[in-house]
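Report on the structure
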Amino acid sequence: MFNVLTRSRDALVADLPGVTRDRHYGICRLGTRQFMVVDTGGLADSDEGLAGLTALQVQAAIDEADVVVFVVDARDGLLPGDPMVLDRLRRASKPLLLAVNKVDGLDEHVALAEFARLGIADPLPLAASHGRGVQPLLDAVTPLLPAEIEEPAEAADAGGVRVAIVGRPNVGKSTLVNRLLGEDRVIVSDVAGTTRDSIRIALERDGKRYTLIDTAGVRRRARIEDAVEKFSVIKTLQSIEAANVVVLLLDAKEGVTDQDAGLIGHVLEAQRALVIAVNKWDGLSAYDREQCRTSLSRKLDFVAWAPQVTISALHGSGIGELMKAVNRSHAAASRTFTSSELTRALEAAYEGYQPPLVRGHAPKLKYAHPGGTNPPTIVIHGSRTRHLADAYRRYLENFFRKRYRLVGTPIRIEFRDGE
Ligand code: GDP
């Protein structure tokens, strides 16, 4: 069911190691609207039942949710544990739907009747693996979503580059936001976010405007005496989606953790521009700095295009460099091309290194044209392009990246066969 709902972006199904052992996050898009789907580990599979780790994960997912869908298995029928699970779900006082899955090949009415005892009105029959019943489920979910969940409109922002500052708890997100605001003292106002959870802060710096998308809850913390805000994956993913440029904060003392790598994975899936800010640089000895640099370049070689900036949010060093990297990355992500320059570049790439033969035939690359920005997209027309090896695709990407100095942004290359 999760895969069907999030099919447009199933790569997002990737785990966030360390945070989401038993939770998966994906985005379901319905026209211009979108919502996040959280899949929890099966409660029934857990020996520990509601007391175990799974239950904690489920509870965390429920806490973050606007709508809860209780999925039961028509083939198994009502299980002894189901009423207990339901009891738990009811306590959350959130809109609750019952989806009865795997009804394919069964008498739907009989299958639904079995679960009538749970007392949830209008159970929804599903055959998720066949894609059946998904639309009625969406139709039932949609009216229950908060009205403001629509894609953030530009108008709701303070304008300028939308910058999301993300990272694990305690890496220094709030300190950085406060540093940015404090230094420049041009806090226009809080701009009400389009979703309940994201807070937008207007910032002007060196004559440029930005909208900071704050996941640290800086402003909230001032109100509520909340020392460490709970790390919300949903908020983080929403911020990444809404941003032009993501600043991922790392703690120099801890290097790149699994959780950091997971966050980078989400930035890649969302195809956002990325700057990596290594914070708390002030606390490192010269020796540690050297070690840290080596380890970073090794662990981050899968995003070698993302600038790395060392900063101290606390003392303010490196902040100018950081904002320069943000600007450069944003400019690269918004870069436009003409068809003729792209075709010339493609020809040069092709001449430099031709795709290896596949069963006696070489894939041909004929011409290219631009396919949009954020990220810069290059559409290449040719023949047999599906036979292009990954190594060749990477070669092309690197070629375009070098030629146009596209630092800080992913590049999307699409192939179209004219055969
Ligand atoms: P957040 O949870 O990511 O918002 O992290 P905070 O901004 O609350 O910072 C967590 C802790 O790290 C606080 O005690 C900060 O004072 C400290 N901290 C933040 N930035 C730096 C830095 O650049 N250097 C040092 N030494 N400590 C920092």
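Since the model is a prediction, treat every value here as computed from it, not as a measurement.

Thresholds, definitions, all that
- Residues numbered from 1 in each chain as written.
- Predicted model: local features only at pLDDT ≥ 70, side-chain atom pairs only at ≥ 80, totals over all residues.
- Near = placed C-beta within 6 Å.
- Helix = DSSP H or I, 4+ residues; strand = E, 2+ residues; numbered from the N terminus.
- Nonpolar A, V, L, I, M, F, W, Y, C, P; charged D, E, K, R; others polar.
- Axes fitted to C-alpha atoms, helices over the stretch in contact; angles between N-to-C directions.
- Left-handed = near helix turned anticlockwise from the far one by under 90°.
- Contact = placed C-beta atoms within 7 Å.
- Core = buried A, V, L, I, M, F, W, Y, C linked by C-beta atoms within 7 Å.
- Buried ≥ 20, exposed ≤ 12 C-beta atoms within 10 Å, placed from the backbone.
- Pairing = 2+ DSSP bridges.
- pLDDT = per-residue confidence, 0-100.

Section: the site of the ligand
Taken together, 16 residues lie near the ligand, and Gly172, Lys173, Ser174, Thr175 and Leu314 sit nearest. Broken down by element, the shell around the ligand gets its largest block of residues, three residues, from helix α6 (residues 173-184). Looking at the shell around the ligand, its residues break down into five nonpolar, eight polar and three charged.

Section: the packing of helix α8 (residues 233-242) against helix α9 (residues 258-270)
Running from N to C, α8 and α9 point in directions that differ by 35°, and their axes come no closer than 10 Å. Considering how the two elements wind past one another, α8 and α9 form a crossing that is right-handed. Within the contact between the two elements, α8 uses Thr236, Leu237, Ile240 and Glu241 and α9 uses Leu263, His266, Val267 and Ala270. Class assignment for the residues of the contact of α8 with α9 results in five nonpolar, two polar and one charged.

Quick notes on the nonpolar core
Counting residues in each nonpolar core, the largest one holds 67 residues, and the members touching the most others are Val163, Ala164, Val246, Val247, Leu248, Val275 and Ala277. Grouped together as the second largest cluster of nonpolar side chains are 15 residues, Val103, Phe115, Leu124 and Ala128 included.

Quick word on the sheet that holds strand β5 (residues 124-125)
Reading across from one edge, β3-β4-β5 is the order of the three strands in this open sheet, with parallel pairing throughout. Two strands bound the open sheet, and with one partner strand each, they are β3 (68-73) and β5. Bridge count between strand β4 (residues 96-101) and β5: two bridges; the pairing is parallel. Each residue of the ladder has a partner; that of Val100, found in β5, is Pro125.

Details of the pairing of strand β6 (residues 161-166)
Counting buried positions over the six residues of β6 gives six, a clear majority of the element. Burial of β6 is two-sided: the residues Val161, Val163 and Ile165 facing one way and the residues Arg162, Ala164 and Val166 facing the other way are all buried. Two strands pair when backbone bridges link them, and β6 and strand β9 (residues 208-214) are joined in this way by five bridges, in the parallel orientation. Across the sheet, residue Ile165 finds its bridge partner in β9, namely Asp214. Sheet topology places β6 next to strand β10 (residues 245-251); four bridges connect them, and they run parallel. Bridging from a neighbouring strand, Ala164 pairs with Val246 of β10.

Side note on the confidence of the model for the chain
Do not read the fine detail of predicted coordinates wherever pLDDT is low. Here the chain averages 81 in pLDDT, and 80% of its residues register 70 or above. At the level of individual helices and strands, the chain shows its lowest average pLDDT in strand β7 (residues 190-191), which scores 36, and its highest in strand β11 (residues 273-279), which scores 98. This model gives residues 8-21 a pLDDT under 50, and the stretch forms 38 contacts once residues within four places in sequence are excluded. Scored below 50 in pLDDT, residues 184-197 makes 33 contacts in the model with residues more than four places away or belonging to other chains.

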